[in-house]
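Below, each chain spelled out in residue letters.
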Amino acid sequence: MGKVIVVTSGKGGVGKTTSTAALGAALARMGHNVVVVDFDVGLRNLDLVMGAERRVVFDLINVVQGVAKLTQALIRDKRLETLYLLPASQTRDKDALTEEGIARVIYDLRSRFDWVICDSPAGIERGATLAMRYADEAVIVTNPEVSSVRDSDRIIGLLDSKTEKAERGDRMAKHLLIARFDPGRAARGEMLNIQDVLEILSIPLLGVIPESEEVLRASNLGAPITICGQQSAPAHAYMDAARRLAGEEIEMLIPTEKQGLFAKIFGRRAA
Amino acid sequence: MRLFRFLRPISSAPVARERLQILLEYERRMVSQTSLITTLKDEILAVVSRHVSIDPEKIHVSVDRGEGFSTLAVGVQIPNKLATEGGVLQTGVAGQSPAT
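Residues numbered from 1 in each chain as written. Chains lettered and ligands numbered in written order. Predicted model: local features only at pLDDT ≥ 70, side-chain atom pairs only at ≥ 80, totals over all residues. Heavy atoms only, no water.

Now for the overall build of chain B. A tally of regular secondary structure across chain B gives 1 helix and 3 strands. Across chain B, helices and strands are ordered from the amino to the carboxyl terminus as α-β-β-β. For chain B, buried positions account for 18% of its 100 residues. Accessible surface for chain B amounts to roughly 7800 Å². Of this, 60% is attributable to carbon and sulfur atoms. (Helix = DSSP H or I, 4+ residues; strand = E, 2+ residues; numbered from the N terminus. Buried < 20%, exposed > 50% of the residue type's maximum accessible area, 1.4 Å probe, protein only. Areas by Shrake-Rupley, 256 points an atom, 1.4 Å probe, with all protein chains shown as cover.)

It is worth spelling out the pattern of salt bridges at this point. All names here are of chain A. Per the counting criterion, the structure on display carries 19 salt bridges over all chains. For Arg133, the salt bridge identified is with Glu99, shortest N-O distance 3.6 Å. Pair noted here: Arg133 is in helix H6 (residues 126–133) and Glu99 is in helix H5 (residues 99–112), with a separation of 34 residues, a long-range link. For Arg133, a relative accessible area of 12% puts it in the buried group. (Salt bridge = Lys/Arg side-chain N within 4 Å of Asp/Glu carboxyl O.)

All names here are of chain A. Here helix H13 (residues 233–245) contains 13 residues, and its C-alpha end-to-end distance of 18 Å stays within 8% of the 18 Å for a straight helix at 1.5 Å per residue. The buried fraction of H13 is high, at 10 of 13 residues. Residues of H13 that are buried: Pro234, Ala235, Ala237, Tyr238, Met239, Asp240, Ala241, Ala242, Arg244 and Leu245. (Expected span 1.5 Å × (residues − 1).)

On to the packing of aromatic side chains, then. Using the criterion set out here, one finds 1 aromatic pair over all chains in the structure. Lying across the ring of Tyr134 of chain A, Arg133 of chain A places its NZ or CZ 5.9 Å from the centre. (Phe/Tyr/Trp six-rings, centres within 6.5 Å; stacked < 30°, edge-to-face > 60°. Lys NZ or Arg CZ within 6 Å of the ring centre and 35° of its normal.)

Residues and elements named next belong to chain B. With 71% of its residues at a pLDDT of 70 or more, chain B has an overall mean of 76. A low-confidence stretch, residues 82–91 (pLDDT under 50), is modelled with 16 contacts involving residues beyond four sequence positions or located in other chains. Predicted as a complex, the structure gets a pTM of 0.81 and an ipTM equal to 0.79. (pLDDT = per-residue confidence, 0-100. Contact = heavy atoms within 4.5 Å.)

With that out of the way, let us pick up the nonpolar core. All names here are of chain A. Formed by 53 residues in total, the largest nonpolar core has its most connected members in Val35, Leu60, Leu86, Ile102 and Leu109. Looking at which element gives the most residues to this core, the answer is helix H7 (residues 146–159), with 5 residues. Of all hydrophobic cores here, the second largest spans 39 residues; its members include Ala25, Leu46, Val141 and Leu206. (Core = buried A, V, L, I, M, F, W, Y, C linked by side-chain atoms within 4.5 Å.)

This paragraph deals with the pairing of strand S7 (residues 173–181) of chain A. Residue and element names in this part refer to chain A. Buried residues dominate S7, accounting for 7 of its 9 residues. Note that strand S6 (residues 137–142) and S7 share 6 bridges and pair parallel. Bridge pairing in S7 places Val139 opposite His175. Here 4 bridges tie S7 to strand S8 (residues 205–210), and the two strands are oriented parallel to one another. The partner of Leu176 across the bridge, within S8, is Leu205. (Pairing = 2+ DSSP bridges.)

Residue and element names in this part refer to chain B. Pairing analysis gives 7 bridges linking strand S1 (residues 59–65) to strand S2 (residues 69–79), with the strands arranged antiparallel. Each bridged residue has a counterpart across the sheet, and for Asp64 the counterpart in S2 is Thr71. The hairpin turn running from S1 into S2, its antiparallel successor, is 3 residues long.

So, about the sheet that holds S6 of chain A. Residues and elements named next belong to chain A. Pairing in this open sheet of 8 strands is mixed, and the strands run S3-S4-S2-S5-S1-S6-S7-S8 from one edge to the other. The strands lining the two open edges of the sheet, one partner per strand, are strand S3 (75–76) and S8. Note: strand S2 (residues 34–38) against strand S4 (residues 83–86), 4 bridges, orientation parallel. Along S4, the bridge assignment pairs Val36 with Leu85. Seen against the sheet, H7 touches strand S1 (3–8), S6 and S7 and runs at an angle of roughly 165° to S6. Strands in contact with helix H10 (residues 194–201) are S6, S7 and S8; relative to S7, the strand with the most contacts, it is inclined by about 150°. (Axes fitted to C-alpha atoms, helices over the stretch in contact; angles between N-to-C directions.)

With that settled, consider the packing of H10 of chain A against helix H1 (residues 13–49) of chain B. Packing of H10 of chain A against H1 of chain B leaves a shortest axis separation of 10 Å and a crossing angle of 15°. By the angle between their axes, H10 of chain A is roughly parallel relative to H1 of chain B. Pair H10 of chain A / H1 of chain B crosses with right-handed handedness. Contact with H10 of chain A, carried on its side by Asp196, Glu199, Ile200 and Leu201 of chain A, involves Arg17, Leu20, Gln21, Leu24 and Arg28 of chain B of H1 of chain B and no other residues of that element. In terms of residue class, the contact of H10 of chain A with H1 of chain B is built from 4 nonpolar, 1 polar and 4 charged. (Parallel < 35°, antiparallel > 145°, perpendicular 65-115°, else oblique. Left-handed = near helix turned anticlockwise from the far one by under 90°. Nonpolar A, V, L, I, M, F, W, Y, C, P; charged D, E, K, R; others polar.)

Attention now goes to unusual backbone geometry. All names here are of chain A. With a phi close to 60°, Arg180 is a non-glycine residue in the positive phi region. As for its placement among the helices and strands, Arg180 is situated in strand S7. Phi is positive for Ser202, which is not a glycine, with a value near 40°. You can see Ser202 is positioned in the loop between H10 and S8. Among the residues examined, Ser202 registers a relative accessible area of 58% and is labelled exposed.

Here is the structure:
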């Protein structure tokens, strides 16, 4: 049976969808069978980031309601043959998702794949609680910024109370993924540093993704960054994070600033 | 090359860190207290309903946080069948528990 991971954050725009795609593709590149599931009903975007927006026929709600079979709704990635996408519905309302229906679909996916990675919608409403409901482990995406850290703390509280695992009395494993980290600003005390965020949230660190233009480039092209920008710093960080998720021991490299002469002299961002 | 340091504004990250620490300590306490109240309310409702039929909306549970101890106040409204004009009897229970 595969492992179900929820990628969540509370706050929107911190990089949940980017991280879901990047981690999914990274695990697939390692040879695992992976499905990434979009839970953001009404505002789906994982299809776009994965470059599969024109191949969506059926979606999660169709499968939950029995309109389509799971195999009809799954979209196989064109670049990695062990990577699949289960898209969210764009039109119907989110009340169409029931707990029992989701439980059934997750069970099916778990028996077919090594990894089921659920991209949670933002917020703490039904969509977000459903996405985390049947997870084995959680990846909490946080930006080193006050509102994101606060919302992550709320989400950690929900993971410990509203999930099936928590209700059984088990402990949900949680991993912190710090995204959009700017080493220069952190070094200058303009941004919370990794240690600050770790101390405040007190969950283990899965990885630190540096802020990079490559991330936007990848989503423009419709490819996970771990496929199209493999040599970039964020892709390396995501690959390492995926390996840690799979249980490998990898040294944690905190991104450091590449300083130009101007920045060295004035200690400011030159760009 | 830190000669120009005085030109820069004082770093803001420590302020962010301190504000978050204070806020989250408070919010975590509030959330755990809210879930305690919900649990108590549900269980009290279940127990009382076994003996008298009551409106789930007519149960009030609150915790007053004090210095040395907290006070738990439970108010259950039970319909008074003896009253001619549908009046209600207020049953109040108040207990004290050490502050957590």
